[in-house]
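One letter stands for each residue in the lines below.
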Amino acid sequence: GKVRKRKGENTSAGDIGLEDALLSCNVPMSTLNPEALGLVHRLDRGTSGCLIMAKTDEMHALLVSEFFLRRTQKVYTALLSPSPAPDTPTEGIIDLPVDGRPAKSSYRVKERYGDTASLLDFEIHTGRKHQIRFHAAKGLSSPVYMDNLYGYGETAGSERDRTKQRFML
């Protein structure tokens with residue numbers, strides 16, 4: 001969990017958030033969003049990948065506007081298992097609503113590992129929560145590897161199972 005502390009204050013928790021780690025090293029962070037200092041963009045909880053953080057309020061505002069105006073290109077690589085059906089095109093567009101809201105992703109199969117798994121690039125044209133995970137599972141019938149929310153058995157979606165391991169996005 002996230003631990004907030006003032007400079008020089010000790011904490012007994014062994015796990016602190018990135019924001020607090022940066023602040024403890026005297027790295028300046030934007031204060032435009034007091035709930036998440038400097039945070040501009042992140043992936044779903046439990047995934048590995050890039051965070052975008054801003055050190056100044058000016059850069060934070062600029063980066064947020066770039067994302068809002070969709071001037072950023074967001075390409076993510078995901079391991080899907082099992083592989084999409086053999087007759088699935090190697091490139092395509094998935095235009096499938098997520099939680100009732102329009103969502104569009106392009107995909108390209110980079111490599112197939114037989115029927116077991118495939119490595120794909122996804123470019124998202126909208127920014128819906130869980131968009132790649134949902135489009136992989138529902139649009140390609142091939143969930144992101146180890147994604148318990150959209151792809152693995154009766155326990156899919158339980159909080160306990162989602163926190164056990166990171167999925168491959």
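Residues numbered from 1 in each chain as written. Predicted model: local features only at pLDDT ≥ 70, side-chain atom pairs only at ≥ 80, totals over all residues. Heavy atoms only, no water.

Participant: How do you make sense of helix H2 (residues 57-68) when you look at a structure like this?
Facilitator: Spacing of three or four residues puts side chains on the same side of an α-helix, whose turn is 3.6 residues. Look at H2: 16 Å from first C-alpha to last across twelve residues, which is about the 16 Å you get at 1.5 Å a residue. Immediately beyond the C-terminal end of H2, within one or two residues, lies Arg-70, with a positive phi of roughly 60°. (Helix = DSSP H or I, 4+ residues; strand = E, 2+ residues; numbered from the N terminus. Expected span 1.5 Å × (residues − 1).)

Participant: Looking at this structure, I do not really get the confidence of the model for the protein. What am I missing?
Facilitator: In low-pLDDT regions, the fine details of the predicted coordinates are not to be read closely. When pLDDT is averaged along the protein, the result is 82; 78% of the residues meet or exceed 70. Throughout residues 154-165 the model reports pLDDT below 50, and contacts reaching past four residues in sequence, or to other chains, amount to twelve contacts. (pLDDT = per-residue confidence, 0-100. Contact = heavy atoms within 4.5 Å.)

Participant: I keep staring at the side chain of Arg-133 and nothing clicks. Help me out?
Facilitator: Tracing the backbone through its elements, the reader meets Arg-133 in helix H3 (residues 131-139). At 2.8 Å, the side chain of Arg-133 and the side chain of Asp-147 are in polar contact. (Polar contact = N/O pair within 3.5 Å; in protein donor to acceptor, adjacent residues only side chain to side chain.)

Participant: Even after reading the chapter, I still don't get the pattern of salt bridges, so can you show me in this structure?
Facilitator: Side-chain pairing between opposite charges can occur once the charged atoms of the two side chains come close. In the structure shown here, the tally under the stated rule is four salt bridges. We note a salt bridge from Arg-108 to Asp-121, for which the minimum N-O separation is 3.1 Å. Taken as a pair, Arg-108 in strand E5 (residues 104-113) and Asp-121 in strand E6 (residues 117-124) lie far apart in primary sequence, 13 residues in all. Looking at Arg-108, the relative accessible area reads 37%, which means it is partly exposed. Of the residues examined, Asp-121 reaches a relative accessible area of 13% and is grouped as buried. In this structure, the salt-bridge partner of Arg-133 is Asp-147, at a minimum N-O distance of 2.8 Å. Of this pair, Arg-133 sits in helix H3 while Asp-147 sits in the loop between H3 and helix H4 (159-162), placing them 14 residues apart in sequence. Within the structure, one salt-bridge network assembled from shared partners comprises Arg-108, Lys-110 and Asp-121. (Salt bridge = Lys/Arg side-chain N within 4 Å of Asp/Glu carboxyl O. Buried < 20%, exposed > 50% of the residue type's maximum accessible area, 1.4 Å probe, protein only.)

Participant: Teacher, can you tell me more about the packing of aromatic side chains here?
Facilitator: Here the distance between the centres and the angle between the planes together describe a pair of aromatic rings. Scanning the model with the defined rule gives one aromatic pair in all. A centroid spacing of 5.8 Å and a plane angle of 85° characterise the contact between Phe-134 and Tyr-150, whose relative ring orientation is edge-to-face. Pair noted here: Phe-134 is in helix H3 and Tyr-150 is in the loop between H3 and H4, with a separation of 16 residues, a long-range link. By relative accessible area, which is 18% here, Phe-134 ends up buried. (Phe/Tyr/Trp six-rings, centres within 6.5 Å; stacked < 30°, edge-to-face > 60°.)

Participant: Would you take a moment to explain the nonpolar core for this structure?
Facilitator: It is characteristic of soluble globular proteins that their nonpolar side chains tend to be buried jointly. One finds Leu-80, Tyr-107, Leu-120, Phe-122 and Leu-140 to be the most contacted residues of the largest nonpolar core, which totals 14 residues. If you list the elements that add at least two residues to this core, you get strand E3 (75-80), E5, E6 and H3. Once you skip the residues sitting within four places of it in the chain, Leu-120 turns out to touch Tyr-76, Thr-77, Ala-78, Leu-80, Tyr-107, Arg-108, Val-109, Lys-110 and Leu-140. (Core = buried A, V, L, I, M, F, W, Y, C linked by side-chain atoms within 4.5 Å.)

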